[in-house]
Amino acid sequence: MSKGFLLVISGPSGCGKGTICKELLKRNKELVFSVSATTRKPRKGEKEGVNYFFIDNKKFEDMVKNNQFIEYAKVHTNYYGTPKKFVLDQIDEGNIVILEIDVQGALQVKKAYPEAVFIFLLPPSMDELKNRITGRGTESKEDIDIRYENAFKELKFIHEYDYFVINDDIIKALEEIESIIIAEKAKVKRHKTIIEKIIP
Ligand code: ADP
Ligand code: 5GP
């Protein structure tokens, strides 16, 4: 069996990462989602262990000290991190693990896991981004402003990524990401053992 790989999806707040990831997981049974730990408070409707592991600062610091994250960062005003064990186990089992993380985290993953695939999700325009963050109705005016400001900083890192996908028509965006996954799965470097069996 070939190993799985990490699929990192980043993009500014409100561009549709959460929406896209949810649909990708519904449509593709071979994908698994890495549930991050965060010190952010749950939004209405968010579930512990499904959207995030909601933890306090002390527990977050302990996890950092115990080397339990493959990456972590302060994003906007809270801490977020990717728990290590789940992700590494899933890769060993041959699964593709989606990491919906910010650019700082993506850069850490790029250093430690060069086989990972990096996709940057873009809104069709910055005005539409503002509409989406506001329309979601989950953040205060102050939080919306911080997220919108940060969007411009995050966009500067797009050149660190392998692919970009514009999330205008959601179905089109999903199909593009699925095409990227198909191509990445077929890469020779991911199938040394299978290829060696065929070509001794
Ligand atoms: P993120 O996870 O990147 O912060 P969300 O997935 O929460 O973004 O999406 C932000 C808002 O934009 C939500 O209200 C969502 O329903 C909406 N949205 C997502 N994708 C699209 C799209 N392609 N067209 C229009 N609205 C969208
Ligand atoms: P939100 O609060 O909207 O759920 O997420 C805020 C930002 O944190 C988003 O850009 C999201 O991708 C990022 N994020 C979520 N989980 C992680 C994580 O584990 N690590 C890092 N570095 N960023 C994360």
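Residues numbered from 1 in each chain as written. Chains lettered and ligands numbered in written order. Predicted model: local features only at pLDDT ≥ 70, side-chain atom pairs only at ≥ 80, totals over all residues. Heavy atoms only, no water.

A.B. asks: Give me the lowdown on a nonpolar patch on the surface, citing residues and values where you can.
C.D. replies: Together, Ile194, Ile198 and Ile199 make up a nonpolar patch on the protein surface, roughly 330 Å² of accessible area in all. By the element assignment, Ile199 lies in the segment after helix H8 (192–198). Accessibility expressed as a relative area gives 59% for Ile199, which makes it exposed. (Patch = residues over 30% accessible without salt bridge, like charges linked within 9 Å, V, L, I, M, F, W, Y side chains within 5 Å. Areas by Shrake-Rupley, 256 points an atom, 1.4 Å probe, with all protein chains shown as cover. Salt bridge = Lys/Arg side-chain N within 4 Å of Asp/Glu carboxyl O. Helix = DSSP H or I, 4+ residues; strand = E, 2+ residues; numbered from the N terminus. Buried < 20%, exposed > 50% of the residue type's maximum accessible area, 1.4 Å probe, protein only.)

A.B. asks: Tell me about the side chain of Arg190, residues and numbers included.
C.D. replies: By the element assignment, Arg190 lies in the loop between helix H7 (170–185) and H8. Taking relative accessible area as the criterion, Arg190 reaches 10% and is therefore assigned buried. In terms of polar contacts, Arg190 uses its side chain to reach the side chain of Glu184, at 2.6 Å. For Arg190, the contacting residues outside a window of four places in its chain are Ser2, Phe5, Glu115, Val117 and Glu184. (Polar contact = N/O pair within 3.5 Å; in protein donor to acceptor, adjacent residues only side chain to side chain. Contact = heavy atoms within 4.5 Å.)

A.B. asks: Go over the site of ligand 2 with me, naming the residues and quoting the values.
C.D. replies: Ligand 2 sits among 17 residues. The nearest are Ser36, Arg40, Tyr52, Tyr80 and Asp102. Interatomic distance of 2.6 Å between a side-chain N/O atom of Ser36 and an oxygen atom of ligand 2. Here an oxygen atom of ligand 2 sits 2.6 Å away from a polar atom, N or O, in the side chain of Arg40. Out of a free accessible area of 510 Å², ligand 2 has 96% covered by protein chains. Elements represented by at least two residues in the shell around ligand 2 include exactly strand S5 (69–75) and strand S6 (78–83). Class assignment of the residues belonging to the shell around ligand 2 gives a composition of five nonpolar, five polar and seven charged. (Near = heavy atom within 4 Å. Nonpolar A, V, L, I, M, F, W, Y, C, P; charged D, E, K, R; others polar.)

Function cannot be read off these values alone, since they describe shape.
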